[in-house]
Every structure is written in structure tokens, then in C-alpha cells.
Amino acid sequence: TVLWEMEEIIGQMAHAFPSVFSFFLPEHIPDAGPAAPARLVSPESQLLDMPKTIGWINGVFSLIKFGLSECGYGFGKWPGTGHCTTDGDYTRSNGMLGYRPAAESSASQIVDELATLLTSGRLSGESRRYAADAYNSFIDETKALTIVQQLIATSPEFHSTNVAALDGLGARHPPTRSAPSGEPYKAIVYLFLEGGCDSF
């Protein structure tokens, strides 16, 4: 495979869940952190720990800088050629991100395009200004583009499918449990068959 040891690096790999229950339980509430007192479920935090967080950041930053390779603790496997010394050198990669801004684009135009591509336009105005300022602080446009992509990849908007905004409402109240209705119901049974199944 092109993606290499993802279970070890980030704790999960596409189409390779460890059981019929996926990678984590949907009702998991972490023991610590801001989600615990707010009584927010956080299924992904069941397998999230600091080594996997660092592994994810290293992998994404490497993907941006070197393409899909093992350079900088990336997600890829060494294809057998090239070096890991220069950002933007993709000779050692199995693939790369293909975004290139239009000529003469301003920093804010580039950030807006990347916000659309990476966050479906949800990137906040404050994060956009911060990214545009970072872009303008570099003379080398390749390095500036790398930094902006890394900043957006570490933003809350990149990691969610809704608008990330502080509302100041505080913790949620515990949900009220409803009494069982006693009505009949149907259940779906999911069989987890690991490996190939040619016929019945």
C-alpha cells in the first residue's frame, strides 16, 4: 500500500477497522479536558493520545512539504529515490498535493482559495487574517504557501464539518432519558468478515 502503518501513526486506517464497532464508541465521553465537564461526546478521543496527535501533525506537514513519502515521519513508504532535505522536493514521494495559486494572486486570495479547498469556506476571518499575515512574512512564495497550508491544516475548521465558533453558552445540560416505549422494533445485524469471501 502507499499509505504506510497508519494504525500505528494515527490509530486508524481507511477500511481497516478493528471490529464491527469501528475504531471508537459513538457515546465515548473523555475523562479529562474541556469535553468532560461539558458532557460532550468525543468518540475520536477514545484512541487519541499524544503520540498519535504528533504522528498526525508530522504526517500532514510531511505531505505538504514532501508529498506522500516517509520524509519527516510522513504517511508514505519510501519509493526508492530522492532526498528529504528540501521542502517542495517531491522526487521521493508517491504523490503530492497539486494546488498552485494563480499568478499575481494576493495573500488573501490564496488563503481564500485554500479555505475553500480545505475547509469548504468555513475558515474564520481571524484565521484567514493570521494565515495571510504569515504568507506575507515570507519572501519565498513556495515556503509561504507551505506555511499557510500547515496553518489551515491545524485549524479547528479543518477538523470539523460545521462552523467553529465560540458561543459563550457554557456546558450542556445532561440529556433526559426517555422511558422505553415497549413497542416492537427491527434490528440490523452487521457481519464483520475480515478477508475475502468469494461465494456462498
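Just so it is clear, the structure is predicted and the values come from calculations on it, not from any experiment.

Caption draft 1: Expanded view of the overall build of the protein chain. Scanning the protein chain for helices and strands turns up five helices and zero strands. Reading the protein chain from its N end, one meets helices and strands in the order α-α-α-α-α. Burial status across the protein chain gives 28% buried among its 200 residues. Taking the contacts inside the protein chain whose residues are at least 6 apart along the sequence as the reference set, 46% of them involve residues at least 24 apart. Carbon and sulfur atoms provide 58% of the accessible area of the protein chain, an area that totals close to 14,200 Å².

Caption draft 2: Inspection of the nonpolar core at higher detail. In terms of nonpolar packing, the biggest core is built from 14 residues, with I110, V111, L114, Y135, L145 and V148 touching the most fellow members. Here the element with the most residues in this core is helix α3 (residues 107–119); it accounts for five residues. Those residues in contact with I110 that lie beyond four places of it in its chain are Y99, P101, S105, Y135 and L145. In this structure, M6, V60, I64 and L68 belong to the second largest nonpolar core, which totals eight residues.

Caption draft 3: Representation of the pattern of salt bridges. By the definition in use, this model includes two salt bridges. Linking K52 and D49 is a salt bridge whose minimum nitrogen-to-oxygen distance equals 3.4 Å. D49 gets classed as partly exposed once you look at its relative accessible area, which sits at 32%. Between D112 and R128 there is a salt bridge whose closest N-O contact spans 2.8 Å. Of this pair, D112 sits in helix α3 while R128 sits in helix α4 (residues 125–136), and the two are 16 residues apart along the sequence.

Caption draft 4: Just the packing of aromatic side chains, in detail. One pass over the full model with this rule turns up one aromatic pair. Between W56 and F158 the ring centres are 6.2 Å apart and the planes differ by 55°, which places this aromatic pair in the tilted class. One end of the pair, W56, is in helix α2 (residues 50–66); the other, F158, is in the segment after α5 (141–153), and 102 residues separate them in sequence. Note on W56: relative accessible area 22%, which makes it partly exposed. The class for F158 is partly exposed, based on a relative accessible area of 27%.

Caption draft 5: Geometry of α3. With 13 residues, α3 should reach 18 Å at 1.5 Å per residue; the first-to-last C-alpha distance of 17 Å fits that figure. In the core, the buried residues of α3 are packed alongside α4 and α5. After α3 finishes, the residue S120 shows a positive phi value of roughly 55°.

Caption draft 6: Representation of α2 in the model. If you check α2, its first and last C-alpha atoms are 23 Å apart, about what 17 residues at 1.5 Å a residue would give, namely 24 Å. Listing the buried residues of α2 in full gives K52, G55, G59, V60, S62, I64 and F66. Where α2 is buried, its residues contact α1 (6–9) and α5. The N-terminus of α2 is capped by D49, whose side-chain oxygen sits 3.0 Å from the backbone nitrogen of K52. Remark: G67 follows α2 within two positions and exhibits a positive phi of approximately 80°.

Caption draft 7: Just unusual backbone geometry, in detail. Its identity is not glycine, yet E5 carries a phi of approximately 55°, on the positive side. Within the fold, E5 resides in the segment before α1. Looking at E5, the relative accessible area reads 42%, which means it is partly exposed. Of note, the phi angle at E104 is positive, near 65°, even though the residue is not glycine. For E104, the location among the structural elements is in the loop between α2 and α3. Exposure remark for E104: the relative accessible area of 79% places this residue in the exposed category.

Procedures and definitions
- Residues numbered from 1 in each chain as written.
- Predicted model: local features only at pLDDT ≥ 70, side-chain atom pairs only at ≥ 80, totals over all residues.
- Heavy atoms only, no water.
- Helix = DSSP H or I, 4+ residues; strand = E, 2+ residues; numbered from the N terminus.
- Buried < 20%, exposed > 50% of the residue type's maximum accessible area, 1.4 Å probe, protein only.
- Contact = heavy atoms within 4.5 Å.
- Areas by Shrake-Rupley, 256 points an atom, 1.4 Å probe, with all protein chains shown as cover.
- Core = buried A, V, L, I, M, F, W, Y, C linked by side-chain atoms within 4.5 Å.
- Salt bridge = Lys/Arg side-chain N within 4 Å of Asp/Glu carboxyl O.
- Phe/Tyr/Trp six-rings, centres within 6.5 Å; stacked < 30°, edge-to-face > 60°.
- Expected span 1.5 Å × (residues − 1).
- Polar contact = N/O pair within 3.5 Å; in protein donor to acceptor, adjacent residues only side chain to side chain.

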